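Secondary and tertiary structure notes
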Amino acid sequence: MKRTVLAISLSMLFAAFICGCGTSATSKVTEVTEVTNVAETTEAQTSTENQSADQPITAREALDESMAEGLATSQKSEVDWQDYVDSDEVFNMDQYAEALGYTVIKADKSHSWYIFDTVQYHYCIIAHGPTLNIMFDSYDVAYAINVVDSSDNPDSAKICTQSYVVSTSEQWIEESSSLLRFIATSGPSEEEIHNFSGVKTIPMGCTKWSEKFVTDERGVTIDNHGSSELYWKKNW
């Protein structure tokens with residue numbers, strides 16, 4: 001009988017010991033799991049932050065940084081068209097546009113394309129003698145602004161685009177150069193171009209397209225879609 005009681009007591013003691021150890025082990029496992037989960041969460045957050053920090057910037061963000069770190073507006077404002085008149089008294093508009101930061105593309109012997117991008121707009125300006133055709137996209141629409149010399153302005157100067165030299169007025173050169181500088185420094189909307197005070201004598205007409213212009217891999221406007229309407233016209 002004593003042996004039976006002793007055996008039962010030892011069994012109960014052993015069972016109690018096992019239960020106690022089980023509770024302790026479970027508690028420790030729970031603690032380790034919680035610590036591991038906290039560590040994993042912290043690591044995941046750190047990884048996410050690192051990914052955000054290492055995330056490659058978009059083309060527009062890169063363009064924005066490039067503009068901010070590029071040629072300062074004050075420097076562009078100091079670019080003077082008279083510095084690009086050669087010994088034959090011919091104004092080289094292509095060289096002037098390049099000094100303002102435009103990408104100049106030679107279309108043929110007489111036409112030049114001046115390409116300029118801002119965060120909001122893509123400009124493609126076709127220069128041909130005393131004529132500028134300023135095309136640019138604005139969200140889901142496009143604008144084409146035609147800038148020509150006035151017949152009232154006397155031909156008193158010469159201008160060259162590519163190898164094409166023509167006679168024009170000094171007013172045209174002064175005002176159109178001022179307009180090119182305004183675009184390169186301000187990235188204006190069509191309304192801001194309409195209100196630009198640097199154009200005083202040369203006529204401008206703006207056509208609005210219902211869709212964006214189509215450009216090629218160089219950013220040159222090659223086609224247009226949608227309907228068009230005369231948006232505004234200014235004659236001096």
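Structure shown above.
Residues numbered from 1 in each chain as written. Predicted model: local features only at pLDDT ≥ 70, side-chain atom pairs only at ≥ 80, totals over all residues. Heavy atoms only, no water.

Looking at the pairing of strand β6 (residues 141-148)
Of all eight residues that make up β6, six are buried, and the element is covered over most of its length. Pairing geometry for strand β5 (residues 131-138) and β6, over eight bridges, is antiparallel. Among the inter-strand pairings, phenylalanine 136 is bridged to a residue of β6, identified as tyrosine 143. Remark: two residues form the turn of the hairpin made by β5 and β6, two consecutive strands paired antiparallel; tyrosine 139 in that turn has positive phi of roughly 60°. (Buried < 20%, exposed > 50% of the residue type's maximum accessible area, 1.4 Å probe, protein only. Helix = DSSP H or I, 4+ residues; strand = E, 2+ residues; numbered from the N terminus. Pairing = 2+ DSSP bridges.)

A short note on the packing of aromatic side chains
What the rule picks out here adds up to twelve aromatic pairs. Look at tyrosine 121 and tyrosine 123: their rings are 5.8 Å apart centre to centre, the planes differ by 70°, and that puts the pair in the edge-to-face class. For tyrosine 121, a relative accessible area of 7% corresponds to the buried category. Accessibility expressed as a relative area gives 0% for tyrosine 123, which makes it buried. Taking 5.8 Å as the distance between ring centres and 50° as the angle between the ring planes, the aromatic pair formed by tyrosine 143 and tyrosine 231 counts as tilted. Separated by 88 residues along the polypeptide, tyrosine 143 in strand β6 and tyrosine 231 in strand β12 (residues 228-234) bring together distant segments of the chain. For tyrosine 231, a relative accessible area of 37% puts it in the partly exposed group. Joined through ring pairs, the aromatic side chains of Tyr121, Tyr123, Phe136, Tyr143 and Tyr231 make up one cluster. (Phe/Tyr/Trp six-rings, centres within 6.5 Å; stacked < 30°, edge-to-face > 60°.)

Observations regarding helix α5 (residues 170-186)
Here α5 is 17 residues long and its end C-alpha atoms lie 24 Å apart, about the 24 Å a rise of 1.5 Å per residue gives. Taken across its 17 residues, α5 has twelve buried, putting it largely inside the fold. Three or more residues of α5 are buried, namely Trp172, Ile173, Glu175, Ser176, Ser177, Ser178, Leu179, Leu180, Arg181, Phe182, Ile183 and Ala184. In the stretch just after α5, glycine 187 is the one whose phi turns positive, near 55°. (Expected span 1.5 Å × (residues − 1).)

Things to note about the environment of glutamate 211
Within the secondary structure, glutamate 211 is located in the loop between β9 (204-209) and β10 (213-215). Sequence-wise, glutamate 211 and serine 138 are 73 residues apart; in three dimensions their C-alpha atoms are separated by 9.3 Å. Those residues in contact with glutamate 211, other than ones at most four positions away along the chain, are Asp140, Val141, Ala142, His225 and Gly226. (Contact = heavy atoms within 4.5 Å.)

Remarks on the sheet that holds strand β3 (residues 112-117)
Spatially, the seven strands line up as an open sheet ordered β2-β3-β4-β5-β6-β9-β12, and their pairing is antiparallel. The open sheet terminates on both sides in strands that have one partner only, identified here as β2 (103-106) and β12. Sheet twist, expressed as the mean angle between neighbouring strand axes with direction ignored, is 20°. Both strand β4 (residues 121-127) and β5 contribute to a ladder of seven bridges, which runs antiparallel. Note on β5: the bridge partner recorded for tyrosine 123 is phenylalanine 136. The strands touched by α5 are β3, β4, β5, β6 and β9; relative to β5, the strand with the most contacts, the crossing angle is about 20°. (Axes fitted to C-alpha atoms, helices over the stretch in contact; angles between N-to-C directions.)

Section: the environment of glutamate 229
The residue glutamate 229 is located in strand β12 in this model. Its relative accessible area of 46% is what places glutamate 229 among the partly exposed residues. In this structure, the C-alpha to C-alpha distance between glutamate 229 and threonine 207, residues 22 residues apart in sequence, is 5.5 Å. Each residue touching glutamate 229, except ones within four places of it in the same chain, is listed here: Cys206, Thr207 and Lys208.

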